[in-house]
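Coordinates in review
Spelled out from the first residue to the last, the chains are:
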Amino acid sequence: MSDEYYTFPNGTTILLPPREAFEYRPSLAMNGLLTALFAIALLSNIVQGIKYKTWSFMAVMSIGCALEIGGYIGRLLAYNDMISEGPFLLQIVLLTISPAFFAAGIYLCLSRIIVIFGADISRIPPKAYTWLFVSCDFVSLILQGTGGGMASTNSKSPQMGTNVMLGGLGFQVFTLVLFIALCAEYGLRVRSTLASGERQLDPMHASLRNSMRFKAFLVALAVSTIAILIRSIFRVIELSQGWDGDLMGNQTTFFILEGIMVILAVLVLNACHPGWSLQEAYFVGKTSSKSSINNSSDGINRSRDMEMGERN
């Protein structure tokens, strides 16, 4: 941290004592616990990714967990060194950008869900959802990373970098809200399709749709999305108050709205991993959407009873 001086009216200049980067001493217990939980989540994601061959999902979730671990290690280092900027900047940058990778994992699942219910019900092709939201997530990540880098290299006047970070976080909130809105719109179209009886949902995946593991996955995905949204809104408010704001100095609020929200978002997707929940249907999104609805007549006949159950 650079030296700060104060000049008295008589012209005398003195060196001020160093300011602490943190406004509180980071908790060893809570930061240690979150570090351990993210390490467990990281190992679980790697094992599950290899087992189910969900490579893209494994990659983004693992990167996110690794960044979270790095961020909380920074907070642990700050316990005995609250003055140095290094641990503070390490945690602020890594913990700010890491949820963007978890959001990308969430976005990867939507195209699979659409194919499972019926690609022809959607307004746009399933893959278009993936490209749209992952691209938006990438823009958000770049803005947050660039802003964090600018703020860390210009600690005397970090406002420009802070504004860029705020822009990235705000865009992340917008993307998540848009994602929730489009999911809700597709859900209403599925419900309308079932109520009208004019056409049936994708017959190939009728059994999967009625399984508890698939229903649990939908709940887990919703919980994960809302948790990341709550955390992102908190970060926007926190950063908009400035580095000396009330939220920046409140460790309890940080653990509840940052730490707990993010680890919850990760662990529920560990428990209801898409590779386990969707099984072979996870890979349907890699093929054309038409292939998921062009089934044999035998497959269609076997699924009609299940479709009747879904309508009821």
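Considerations on the overall build of the protein chain
- Counting its regular elements, the protein chain contains 10 helices and 2 strands.
- Its helices and strands taken in sequence order, the protein chain reads β-β-α-α-α-α-α-α-α-α-α-α from the N to the C terminus.
- Counting only residues that meet the buried cut, the protein chain has 48% of its 312 residues in that class.
- Residue pairs in contact within the protein chain that sit at least 24 positions apart in sequence constitute 78% of those at least 6 positions apart.

Regarding helix H7 (residues 212-240)
- The terminal C-alpha atoms of H7, which comprises 29 residues, lie 42 Å apart, in line with the 42 Å expected from a rise of 1.5 Å per residue.
- Taken from the residues just after H7, Gly242 is the one with a positive phi, measuring 95 degrees.

Focus on the pattern of salt bridges
- Summed over the entire model, instances satisfying the criterion amount to 5 salt bridges.
- Glu185 is paired through a salt bridge with Arg189; the nearest N and O atoms lie 3.9 Å apart. Residue Glu185 and its partner Arg189 are both found in helix H5 (residues 159-196); the two are separated by 4 residues, about one turn of the helix.
- Judged by its relative accessible area of 24%, Arg189 falls in the partly exposed class.
- The partner of Arg235 in a salt bridge is Glu258, with the nearest N and O atoms 3.0 Å apart. One end of the pair, Arg235, is in helix H7; the other, Glu258, is in helix H8 (residues 251-271), with 23 residues separating them in the sequence.

Topic: the packing of aromatic side chains
- In the structure shown here, the tally under the stated rule is 9 aromatic pairs.
- An angle of 15 degrees between the planes, with centres 6.0 Å apart, marks the rings of Phe38 and Tyr72 as stacked. Within this pair, whereas Phe38 is found in helix H1 (residues 28-52), its partner Tyr72 is found in helix H2 (residues 55-78), the two being separated by 34 residues in sequence.
- Taken together, the aromatic side chains of Phe38, Tyr72, Phe254 and Phe255 make up a single cluster linked through ring pairs.
- In this structure, Arg75 is placed above the aromatic ring of Phe254, and the distance from its NZ or CZ to the ring centre is 4.0 Å.
- Positioned above the aromatic ring of Tyr282, the side-chain terminus of Arg112 is 4.2 Å from the ring centre.

Remarks on the confidence of the model for the protein chain
- For the protein chain, per-residue confidence averages 85 on the pLDDT scale, and 82% of positions sit at 70 or higher.
- Confidence over residues 1-6 falls short of pLDDT 50; this stretch has 18 contacts with residues more than four positions distant or in other chains.
- The low-confidence segment residues 14-18 (pLDDT under 50) makes 11 contacts with residues lying over four places distant or belonging to another chain.

A short note on the packing of H2 against H8
- In the contact formed by H2 and H8, the axes pass within 12 Å of each other and the chain directions differ by 155 degrees. As the angle between them shows, H2 and H8 are arranged roughly antiparallel. As for the relative orientation of H2 and H8, their crossing is left-handed in sense. Where H2 abuts H8, its residues Phe57, Met61, Cys65, Glu68, Tyr72 and Arg75 lie against Gln251, Phe254, Phe255, Glu258, Gly259, Val262, Val266 and Leu269.
- Tallied by class, residues from the contact of H2 with H8 come to 9 nonpolar, 2 polar and 3 charged.

Let's talk about the environment of Trp55
- Relative to the helices and strands, Trp55 is located in helix H2.
- The exposure class assigned to Trp55 is partly exposed, which follows from its relative accessible area of 44%.
- Expressed as a C-alpha distance, the spacing of Trp55 and Asn45, which sit 10 residues apart in the sequence, is 10.0 Å.
- Ignoring sequence-local partners within four residues, the contact set of Trp55 consists of Gly49 and Ile50.

Observations regarding the nonpolar core
- Phe38, Phe102 and Leu269 are the most contacted members of the largest nonpolar core, which totals 54 residues.
- When residues of this core are traced back to their parent elements, those giving at least two are H1, H2, helix H3 (85-117), helix H4 (126-153), H5, H7 and H8.
- By residue number, the principal contributor to this core is H3, which donates 13 residues.
- Non-local contacts of Phe102, meaning those with residues more than four positions away in its chain, are made with Phe38, Met61, Gly64, Cys65, Glu68, Ile228, Val262 and Val266.

Here we look at the environment of Gly70
- Tracing the backbone through its elements, the reader meets Gly70 in helix H2.
- By relative accessible area, which is 16% here, Gly70 ends up buried.
- Taking the C-alpha atoms as reference points, Gly70 and Leu94, separated by 24 residues in sequence, lie 6.8 Å from one another.
- Other than its neighbours up to four places away in sequence, Gly70 contacts Leu90 and Leu94.

Procedures and definitions
- Residues numbered from 1 in each chain as written.
- Predicted model: local features only at pLDDT ≥ 70, side-chain atom pairs only at ≥ 80, totals over all residues.
- Heavy atoms only, no water.
- Helix = DSSP H or I, 4+ residues; strand = E, 2+ residues; numbered from the N terminus.
- Buried < 20%, exposed > 50% of the residue type's maximum accessible area, 1.4 Å probe, protein only.
- Contact = heavy atoms within 4.5 Å.
- Expected span 1.5 Å × (residues − 1).
- Salt bridge = Lys/Arg side-chain N within 4 Å of Asp/Glu carboxyl O.
- Phe/Tyr/Trp six-rings, centres within 6.5 Å; stacked < 30°, edge-to-face > 60°.
- Lys NZ or Arg CZ within 6 Å of the ring centre and 35° of its normal.
- pLDDT = per-residue confidence, 0-100.
- Axes fitted to C-alpha atoms, helices over the stretch in contact; angles between N-to-C directions.
- Parallel < 35°, antiparallel > 145°, perpendicular 65-115°, else oblique.
- Left-handed = near helix turned anticlockwise from the far one by under 90°.
- Nonpolar A, V, L, I, M, F, W, Y, C, P; charged D, E, K, R; others polar.
- Core = buried A, V, L, I, M, F, W, Y, C linked by side-chain atoms within 4.5 Å.

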